[in-house]
Structure formats: structure tokens, C-alpha cells
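Geometric and topological summary
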Amino acid sequence: MIPPRQSPPHFPFGSLILIAVVIGVGAAAFAYTAGWFSPHRLTPDRLVDAFSPGGEPLGHRRNHAKGICFTGHFEANGAGSALSSAQVFARGQYPALGRFNLATADPNAADATVRVRGMGLSISTPDGQEWRSAMIDAPIFPVSTPQVFYQLLLASASKAPDAMQTFAAAHPEIAAFGAWAKSAPWTGSYAEDRYNGLNSFVFTNGSDAATTVRWSLLPAAQPVPVSPEDLAKRGRDFLEQEIVERVRGGPLRWSMMITVANPGDPTADPSKAWPEGRRAVEVGTLVVQQIEDERNGPCRDINFDPTVLPAGMRTSDDPFPAARSSAYAKSYDRRTAEASDYPRTAADAKP
Ligand code: HEM
């Protein structure tokens, strides 16, 4: 006779313990990532919070909150292919989406009060790849590392009267940026500004030869210096009014220059300019053809994350792009979740 099959011993708490362990490990990983175990570790949340200590600009970018969107194209002249195999450098014309902006967390700031202007840019190619970048008009970044940038944000928001002096004494590299901010001429137009990528990236060409580079967009328009006092008289939003008018009169152009580092150049530190005389290759022209609606247009739901790069480009030993990527994603998550605080107005608006 076949003995009756015995059921395996049953431990009623075994599976509960396993579930508790899995949940516990998950919660601990979440808490670690959020920085709960290490109140001094820099996290994307802390970095993003630091831009708006007085209250977040709900629905808006946490930095460079004021801006105006544009579309156009990039005309590659083919010269960049010697440096990078990315299709964007093969001679041809590729669609571009971008955004002129001001480095402020206040979407209603008066244009004449914001020293740093920027441009976000995305160029797409038929191979399905995309090159995103976010550049500013300053020729150098104020500080050397993302951690020190966070300290700078805290110092600027501090009520302690000597906070900035103490910061500058501990981080003397900020003096070069301070000198630029004090002496560089202001212009009356986004069209007259130069936009610099500042961070370094590695390009690889068809033979897998690697070069470390930085890039800049040089305006075709002649910059006309205007004092901030005179700019203040032009009204709060003169930059966007001016660029709308200017583009109505015809497309605007910038040439894209790629600068190649020499061995030993400070590739990991955007607060240090590379010495003069570096090899520079003009790889094409950005053409801005149309100003787009900022609130309802195609820039609203894009994050110009500088680590979105086509094959043939990659990040370098510069620690900024990774830190920027996580902060931009955090800002993007927050602002898109707050859409009701900055509702679309067009008739065909998405919810
Ligand atoms: C650790 C350093 C940095 C942090 C934490 C930071 C943070 C941010 C944040 C939170 C945004 C808003 C992102 C969004 O919601 O889409 C932003 C936008 C921007 N940033 Fe940075 N940033 C850093 C460094 C830089 C550098 C080095 C540059 C220029 C070389 C730069 C240029 C810009 C520009 C132009 C935008 C506006 C892009 C747009 O129009 O959407 N940032 N940044």
C-alpha cells in the first residue's frame, strides 16, 4: 500500500519574516538614498531645496525659472566629425529646441536684476539620438565642486552678515567669477550673449580616439553694452519682449565652438578656464527661427539634462554633470507634479 503523502512541515511565521525583511531592506535603502541616515550628505532634494529657501516656485524650474522657449535647427558643417562620431556633427541640418533663461528661482524676477543668463538646448538627429545641454553666459562657474556649490547656496541664503565673506575666504576660486560678474558688460538681448557649456565632456571619433572638450555658442549679433540701470528702465520682461521682436525680423545665429583640452588642463573643475590658445573647432551654427509659448509650449516639459548625450560623447571626470542630472530630475519631478500651480492656458492644453 502506498503511504499517504506527508505535507511539508509548516512554519506559519517563516514567510511573514521574509516579507518583513524584504520590506525592511527596501525601507532602509529608501532612507539611505533620501539621506535620512546622513544629515550632512548632499542629496538631490537638499541641493534643489537650497535654491529657494524663501519658498519654492511651484510649477516652475527650481533654477533658471524665468525663460522663453524657441525652436530652430543646428546646421552642422561636418568639421566636428573629426572629434566625435555623433550624427549631430555630420554635415546636415537637425531640429533644435531651446530656452533662453535667467539664473533665478523667481519666475517673475525683473530681467535687469539677474546677472547670469543661460540657454537650454536639445538637438535631435535621425538616428534617434539627442544632445542636451544647458549653458550660461559666464565664462567660468563660481565654484569647483557640486558640494561647494551647495555651500554657496546656503551662504547666499544665510542671514549671518559675514556668511558670504566666510564662504569666499574658504573658497577663493569664487573671486574669478565675482570679477566677471562685476566687470562684464550686460547686453539688452539674449541674442547678443555667448553661452558656455563650462563642464567638460569626452568626445570619441570613428577611430575611437578620445578628446576632452568644452563647448560654447558665439552670437552672430554684435553685443551692445547697456548698463543695468538703463536695462531696469526697459521694464520687467524686456528680454522676452525684445527676443520676440528680433526673431520676427529674421532668424538668429550662434556658431558652436568646441575647445579641446591639452593634457593637464583642469577638466574636472568648471571654475577654471583653460589657457588661451587651445585647439578650437567651429562645428556648425545654431539657427533660432521661432519663439515658442513658454507656458504652453514644447519647453515646458523638457529637462535640459546635460548627461543626455548621443553616442560619440560621454561625461568626463568633471563631477558636475552627474550632480546636475539628479538635481534637474528632482526639479522636473516637483514642477510637473505641481502643474495645477502653473496651469496651461491654451485651448488645447493638457491637464
Ligand atoms: C551642481 C550644480 C548645479 C545645480 C544643482 C543646478 C541646478 C539646476 C536646476 C534645479 C535647474 C532646473 C531644472 C529643471 O527643472 O528642468 C537648472 C537649470 C539650468 N541650469 Fe543648472 N545647476 C547646476 C549647474 C549648472 C551649470 C554648471 C550650468 C551651466 C554651465 C547650468 C545651467 C543651467 C541652465 C541654462 C538651466 C536652465 C535650463 C532650462 O532652460 O531648462 N547649471 N539648474
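Structure: above.
Report on the accompanying structure. (Residues numbered from 1 in each chain as written. Predicted model: local features only at pLDDT ≥ 70, side-chain atom pairs only at ≥ 80, totals over all residues. Heavy atoms only, no water.)

**Brief notes about helix H7 (residues 238-248)**
Keep this limit in mind: Throughout, exposure labels follow a simple rule: accessible area from a 1.4 Å probe, protein chains only, divided by the maximum for the residue type, with under 20% read as buried, over 50% as exposed, and the rest as partly exposed. Helix and strand definitions follow DSSP, with helices as H or I runs of at least four residues and strands as E runs of at least two, each counted in order from the N terminus. By definition, the arc is the one covered by directions from the helix axis to the C-beta atoms. Throughout, a residue-residue contact means that at least one pair of heavy atoms, one from each residue, lies within 4.5 Å.
All of the buried residues in H7 are Phe238, Leu239, Ile243 and Val247. For H7, the buried positions fall inside an angular range of 150 degrees around the axis, keeping them on one side. Summarising the contacts, the buried residues of H7 are in contact with strand E1 (66-76), strand E2 (92-102), strand E3 (117-124), helix H6 (228-232), strand E8 (252-260) and strand E9 (280-292). Phi for glycine 250, located one or two positions after H7, is positive at around 145 degrees.

**Side note on the environment of asparagine 262**
As for its position among the elements, asparagine 262 is in the loop between E8 and E9. The sequence separation of asparagine 262 and glycine 277 amounts to 15 residues, and the corresponding C-alpha distance is 9.9 Å.

**A few points about the nonpolar core**
Where we set the bar: For the purposes of this section, nonpolar cores are sets of buried Ala, Val, Leu, Ile, Met, Phe, Trp, Tyr and Cys residues that join through side-chain atoms within 4.5 Å.
Membership of the largest hydrophobic core comes to 47 residues, with the highest contact counts inside it found for Phe100, Met119 and Trp254. Ignoring any residue separated from it by four or fewer positions in sequence, one finds methionine 119 in contact with Phe70, Arg99, Phe100, Asn101, Ser133, Ala134, Met135, Tyr195, Leu217, Trp254 and Leu286. Membership of the second largest hydrophobic core comes to 24 residues, among which are Leu47, Val48, Ala50 and Phe177.

**Re the side chain of serine 255**
As for its placement among the helices and strands, serine 255 is situated in strand E8. For serine 255, a relative accessible area of 18% translates into the label buried. Contact partners of serine 255, with chain neighbours within four places excluded, come to Ser216, Leu217, Leu218, Glu282, Gly284 and Thr285.

**Re the site of the ligand**
Applicable threshold: Any residue with a non-hydrogen atom lying within 4 Å of a molecule or strand is treated as near it. Polar contacts here mean pairs of N or O atoms no more than 3.5 Å apart (in protein, one a potential hydrogen donor and the other a potential acceptor; neighbouring residues in sequence count only if both atoms are side-chain atoms). Classes in brief: Ala, Val, Leu, Ile, Met, Phe, Trp, Tyr, Cys and Pro nonpolar; Asp, Glu, Lys and Arg charged; the others, Gly included, polar.
Of all residues adjacent to the ligand, which total 26 residues, the nearest are Arg61, Arg99, Tyr328, Ser331 and Arg335. Within the side chain of arginine 99, one N or O atom sits 2.7 Å away from an oxygen atom of the ligand. Looking at the shell around the ligand element by element, the count peaks at 7 residues for helix H8 (residues 320-337). Per-class residue counts for the shell around the ligand are 14 nonpolar, 8 polar and 4 charged.

**Re the pattern of salt bridges**
Opposite charge on two side chains permits pairing when their charged atoms draw close. Going by this rule: Between Lys or Arg on one side and Asp or Glu on the other, a salt bridge is scored when a side-chain nitrogen of the former is within 4 Å of a carboxyl oxygen of the latter.
Within the structure shown, the criterion is met by 19 salt bridges. Between aspartate 111 and lysine 66 there is a salt bridge, with its nearest N and O atoms 2.7 Å apart. Of this pair, aspartate 111 sits in the loop between E2 and E3 while lysine 66 sits in strand E1, placing them 45 residues apart in sequence. Of the charged contacts in the structure, one is a salt bridge between glutamate 192 and arginine 246, with a shortest N-O distance of 3.1 Å. Of this pair, glutamate 192 sits in the loop between helix H5 (174-183) and strand E5 (195-196) while arginine 246 sits in helix H7; the two residues are 54 residues apart in sequence, bridging distant segments of the chain. Classification of arginine 246 as partly exposed rests on a relative accessible area of 25%.

**Quick look at H8**
For the record, the criterion: Expected span, for any helix, means 1.5 Å times one less than how many residues it has.
Taking 1.5 Å per residue as the helical rise, H8 with its 18 residues ought to reach 26 Å, and the 26 Å between its terminal C-alpha atoms agrees with that figure. Turning to H8, its buried residues number three or more, namely Phe320, Pro321, Ala323, Arg324, Ser325, Ala327, Ser331, Arg334 and Arg335.

**Considerations on the environment of leucine 218**
Along the chain, leucine 218 falls in strand E7 (residues 210-219). In this structure the C-alpha to C-alpha distance between leucine 218 and arginine 253, which are 35 residues apart in sequence, comes to 8.5 Å. Residues in contact with leucine 218, not counting those within four places in the same chain, are Arg194, Arg253, Trp254, Ser255 and Met257.

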